[in-house]
Structures are given as structure tokens and as C-alpha cells.
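Here is how the chains run, residue by residue.
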Amino acid sequence: MPKMKTHRGAAKRFKITAHGKIKRSQAGKSHLLAHKERKRKRRLRQRVILTPVEAKRVKSLLPYA
């Protein structure tokens, strides 16, 4: 049986933690930053853990992760 292909777009956007959870970056940090509060921009820098439902969909795109 041939190897399964990894979805390259998903591989670039998601990281797997040591415990197998999936992290993603937050949206809204690329432009129009002048009116956003400093606190909000700081929070947007941090990665967040996907919910179990979202994680299941992403894991199907990353077969070897």
C-alpha cells in the first residue's frame, strides 16, 4: 500500500505538542494593528490548542503527526 500524503498547507499551520494536542496561531495579527489594543496584540501572539472536534479534522490531514 502506498504512503499517505500529508496536507502541506495544514503541516505549515499546525504544530503537535508532546502530548499529541494540536496548536494553531491566532488570526488577526497581520494588518490593521494600529487601532487594536496592546493587550489584544500580545494575546494574539500566543498559540491556542484546538478543540477535540477541530483536532480530529486536522489529524486526518496530518496522517504521520
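See the structure above.
Conventions and cut-offs
- Residues numbered from 1 in each chain as written.
- Predicted model: local features only at pLDDT ≥ 70, side-chain atom pairs only at ≥ 80, totals over all residues.
- Heavy atoms only, no water.
- Helix = DSSP H or I, 4+ residues; strand = E, 2+ residues; numbered from the N terminus.
- Buried < 20%, exposed > 50% of the residue type's maximum accessible area, 1.4 Å probe, protein only.
- Pairing = 2+ DSSP bridges.
- Polar contact = N/O pair within 3.5 Å; in protein donor to acceptor, adjacent residues only side chain to side chain.
- Contact = heavy atoms within 4.5 Å.
- Core = buried A, V, L, I, M, F, W, Y, C linked by side-chain atoms within 4.5 Å.

Caption draft 1: Spatial organisation of unusual backbone geometry. Of note in the backbone geometry, L32 takes a positive phi value of approximately 55 degrees without being a glycine. Its place among the elements puts L32 in the loop between β2 (22-24) and α2 (38-45). L32 sits in the exposed class, given a relative accessible area of 58%.

Caption draft 2: Just the environment of G9, in detail. Inspection of the secondary structure assignment puts G9 in helix α1 (residues 8-13). Residues G9 and L61, 52 residues apart in the sequence, show an inter-C-alpha distance of 9.2 Å.

Caption draft 3: Representation of the sheet that holds strand β1 (residues 14-16) in the model. In space, the three strands of this open sheet follow the order β1-β2-β3, with antiparallel pairing throughout. Every interior strand has two partners, whereas the edge strands, β1 and β3 (48-49), have only one.

Caption draft 4: Up close: the side chain of K36. Examined against the element boundaries, K36 turns out to sit in the loop between β2 and α2. From its side chain, K36 meets the backbone oxygen of G28 in a polar contact 2.8 Å long. What K36 contacts, discounting residues up to four positions off in sequence, is G28, H31 and K41.

Caption draft 5: Seen up close, the nonpolar core. Counting residues in each nonpolar core, the largest one holds seven residues, listed as A10, F14, I22, L50, A55, V58 and L62. In this view, L50 contacts F14, I22, K23, R24, A55 and V58; residues no more than four positions away in its chain are not counted.

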